[in-house]
Amino acid sequence: MKVGLLFGSFNPIHTGHLILANYMANNTDLSAVWLVVSPQNPFKKSTSLLHEFDRLHMVNLAIDTNSRLGVSDIEFKMPKPSYTVDSLTYLQEKYPSYEFVLIMGEDNLPSFPKWKNYEQILEFFQIYVYPRSGTPPSPLKNHPKVKLVPAPLLDISATFIRDCVHQGKSITYMVPEVVENYIKLKKFWL
């Protein structure tokens, strides 16, 4: 089984994440896509970050009926901050019969050499890269383990959604209805 891994804070999960994950699961050679909820991204500040279990719950709510999508909390049990290379290694050891593929935005490719043990990732894992507008060119685009996937581009961000919630603006259609209801119930970002 070939599984794509889409790592993220998912603070909150939104339509852009879901369209991308679904596209990758149904329009590439991947059998499934797992959304890996990261408790703390080493490159991001965690000031507005919801508790990891709330973010995990929202991802579960969002993908509930899609059999090609899964969710993983493996980084919850790992030292923080989580590093992709450690998570990939852990998953490969836990599921030795699976082939894992890292899914990342083209905007991450130029900074990818700054990631912990990025050479090891490129040696043992394929990377499926989806387009992002305004991305500077990266020499890694031509790496044999990097595959550019022309997935649809939806310019929406969790930051924008959090700002909308904070300002009392509608987030309908930006997140699944069940996620919007959970955000309202818990009064997140007010």
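Reading the values: rules and limits
Residues numbered from 1 in each chain as written. Predicted model: local features only at pLDDT ≥ 70, side-chain atom pairs only at ≥ 80, totals over all residues. Heavy atoms only, no water. Salt bridge = Lys/Arg side-chain N within 4 Å of Asp/Glu carboxyl O. Helix = DSSP H or I, 4+ residues; strand = E, 2+ residues; numbered from the N terminus. Buried < 20%, exposed > 50% of the residue type's maximum accessible area, 1.4 Å probe, protein only. Arc of directions from axis to C-beta. Pairing = 2+ DSSP bridges. Axes fitted to C-alpha atoms, helices over the stretch in contact; angles between N-to-C directions. Contact = heavy atoms within 4.5 Å.

Participant: What should I look at first to understand the pattern of salt bridges in this one?
Facilitator: Between side chains of opposite charge, pairing is possible as soon as their charged atoms come close. Under the counting rule described, the total for this entry stands at 7 salt bridges. The salt bridge partner of D29 is K2, with a shortest N-O separation of 2.6 Å. Here K2 lies in strand 1 (residues 2-8) and D29 lies in the loop between helix 1 (15-27) and strand 2 (32-37), a separation of 27 residues in the sequence. The exposure class assigned to K2 is buried, which follows from its relative accessible area of 12%. Residues E180 and K184 are paired through a salt bridge, measuring 3.4 Å at the closest nitrogen-oxygen approach. Residue E180 and its partner K184 are both found in helix 6 (residues 177-186); the two are separated by 4 residues, about one turn of the helix.

Participant: I keep staring at helix 5 (residues 158-166) and nothing clicks. Help me out?
Facilitator: Every buried residue of helix 5 is listed here: A158, I161, R162, C164 and V165. With its buried residues spanning 160 degrees around the axis, helix 5 presents them on a single face. Phi turns positive one or two residues past the end of helix 5, at G168, with a value near 75 degrees.

Participant: Can you walk me through the sheet that holds strand 1 in this structure?
Facilitator: Picture the strands of a sheet paired through backbone hydrogen bonds; they go either parallel or antiparallel. With respect to topology, 6 strands assemble into an open sheet ordered 3-2-1-4-5-6, the strand pairing being parallel. Of all strands in the sheet, those bounded by a partner on one side alone are strand 3 (69-72) and strand 6 (146-148). In this sheet, adjacent strand axes meet at a mean angle of 30 degrees when their direction is disregarded. Where strand 2 and strand 3 come together, 4 bridges link them in parallel fashion. Across the sheet, the residue bridging to L35 is V71, located in strand 3. Sheet contacts for helix 1: strand 1, strand 2, strand 3, strand 4 (99-105) and strand 5 (126-130); angle to strand 2, the most-contacted strand, approximately 145 degrees.

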